Amino acid sequence: MNIKYREIIVNYLELLNKLIEKAESSSISESGFLNARLFDDMFPLNVQAKIATNFALRGCYPLSGKEYKELDADIESFHGLKSHITTTINCIKKLSQPTIEQLEHNVKDSAGFKEFSISGSEYVSSFVLPNFFFHLSMVYAIAKSTGVPVTKGDFDGIHQYPKGFSWET
């Protein structure tokens, strides 16, 4: 697998921290923002962010020869959530790079109630990254729906638009 998945994950976690900082500096209520959700049967923003960090670790630990263990986290405040994201980034940066052999070994995991075992490279490309980006997208969508002035550039770090720009007007 030639993509630098760990660097991609770390980059997007750093962007997630910036999104949280943007919300923190807006006039939105901390509790209202962190507990906002798109629909009643979906997780709130803070949980979506925590699940994204969990997928980041789930993808990096086993392929570095380490057992994945969910980190304890205080996600009930801007500070706590940003601290958790930073801790996740630091954990990933401390891991050894996976070898070709580790990418070829099967990884056992579960998706909901389904247990599965697939090669490390397929695990990252077909399970970890899609789920990581799904939960990041939910954070972005919830932030946007709560009135935080985020753009696509806040999600990917690349796009730029003038302040107040809209495709709809």
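The shown structure was predicted, so the numbers you read here are calculated from the model rather than taken from an experiment.

1. As for the overall build of the chain
(1) Moving on: Along the backbone of the chain there are seven helices and two strands.
(2) Moving on: Moving toward the C terminus, one meets the helices and strands of the chain in the order α-α-α-α-α-β-β-α-α.
(3) Moving on: A compact globule built from 169 residues should have a C-alpha radius of gyration of about 15 Å, and the chain, at 17 Å, falls within 12% of that.
(4) Moving on: Projected onto its principal axes, the C-alpha coordinates of the chain cover approximately 50 × 30 × 30 Å.

2. What to know about the environment of L71
(1) Moving on: You can see L71 is positioned in the loop between α3 (45-60) and α4 (78-94).
(2) Moving on: Exposure remark for L71: the relative accessible area of 19% places this residue in the buried category.
(3) Moving on: Sequence spacing of L71 and K50 is 21 residues, and the spatial spacing of their C-alpha atoms is 9.4 Å.
(4) Moving on: Discounting chain neighbours no more than four positions away, the residues touching L71 are K50, L57, H84, T87, T88 and C91.

3. Considerations on empty space enclosed by the protein
(1) Moving on: The final tally for this structure, using the stated rule, is one cavity of 30 Å³ or more.
(2) Moving on: Put simply, the largest cavity is a space of about 60 Å³.
(3) Moving on: Every residue lining the largest cavity is listed: Y12, L15, L16, L19, L136, V139, Y140, D154 and F155.
(4) Moving on: Elements with a contribution of two residues or more to the lining of the largest cavity: α1 (5-25), α6 (120-145) and α7 (152-156).
(5) Moving on: A total of four residues in the lining of the largest cavity trace back to one element, the largest contributor, which is α1.
(6) Moving on: In terms of residue class, the lining of the largest cavity is made up of eight nonpolar, no polar and one charged.

4. Section: the pairing of strand β2 (residues 114-119)
(1) Moving on: Relative to β2, strand β1 (residues 106-111) runs antiparallel, the two being bridged by six bridges. When the sheet's bridge partners are listed, K108 is paired in β2 with S117.

5. Overview of α3
(1) Moving on: Helix length check: α3, at 16 residues, gives a terminal C-alpha distance of 23 Å against a target of 22 Å (1.5 Å per residue), a fit within 8%.
(2) Moving on: Most of α3 is tucked away: 15 of the 16 residues are buried.

6. Here we look at the nonpolar core
(1) Moving on: Counting residues in each nonpolar core, the largest one holds 49 residues, and the members touching the most others are I9, L13, I20, F33, L45 and F132.
(2) Moving on: Element by element, the count of residues in this core is highest for α6, at eleven residues.
(3) Moving on: In contact with I9, other than residues within four places in its own chain, are A56, C60, I92, L129 and F132.

7. Observations concerning the packing of α3 against α4
(1) Moving on: Put simply, α3 and α4 touch, their axes get as near as 10 Å, and they point 5° apart. Considering their axes alone, α3 and α4 lie roughly parallel with respect to each other. Only L81, H84, I85, T88, C91 and I92 of α4 make contact with α3, whose side of the interface consists of L45, N46, A49, K50, T53, A56, L57 and C60.
(2) Moving on: Taken together, the residues that form the contact of α3 with α4 break down as nine nonpolar, four polar and one charged.

Rules used throughout
Here the residue numbering is sequential within each chain, running from 1 through the sequence in written order. Reporting of local features is limited, given that this is a predicted model, to residues whose pLDDT is at least 70; pairs of side-chain atoms are given and counted only at 80 or more, and all residues count toward the totals for whole chains, interfaces and linings. Calculated side-chain values reflect all of the structure's heavy atoms, with hydrogen atoms and water omitted. Counting from the N terminus, the helices are the DSSP runs of H or I reaching at least four residues and the strands are the DSSP runs of E reaching at least two. When we talk radius of gyration, it's over C-alpha atoms, and the globule rule is simply 2.2 Å times the number of residues to the 0.38. With a 1.4 Å probe rolled over the protein chains alone, any residue whose accessible area is under 20% of its type maximum counts as buried; one over 50% counts as exposed, and the rest are partly exposed. Residue contacts follow a heavy-atom distance rule, with two residues in contact if any of their heavy atoms lie within 4.5 Å. Here a cavity is any set of points on a 1 Å grid over the protein atoms alone where a 1.4 Å probe fits but cannot get out, and a pocket is any open set with protein on both sides within 12 Å along at least 5 of 7 lines; a residue lines the site when it has an atom within 4 Å of a point. Grid points are joined across faces, edges and corners, and a volume is the space filled by probe spheres set on the points. Classes in brief: Ala, Val, Leu, Ile, Met, Phe, Trp, Tyr, Cys and Pro nonpolar; Asp, Glu, Lys and Arg charged; the others, Gly included, polar. For two strands to be treated as a pair, DSSP must find at least two bridges joining them. The span one expects for a helix is its residue count, reduced by one, times 1.5 Å. Nonpolar cores were defined as sets of buried Ala, Val, Leu, Ile, Met, Phe, Trp, Tyr and Cys residues, with membership established by side-chain atoms within 4.5 Å. Every axis in this analysis is a line fitted to C-alpha atoms, fitted for helices over the stretch in contact. Angles between the N-to-C directions lie between 0 and 180 degrees. Every angle not falling under 35 degrees, over 145, or within 65 to 115 is termed oblique; those three ranges are roughly parallel, roughly antiparallel and roughly perpendicular.

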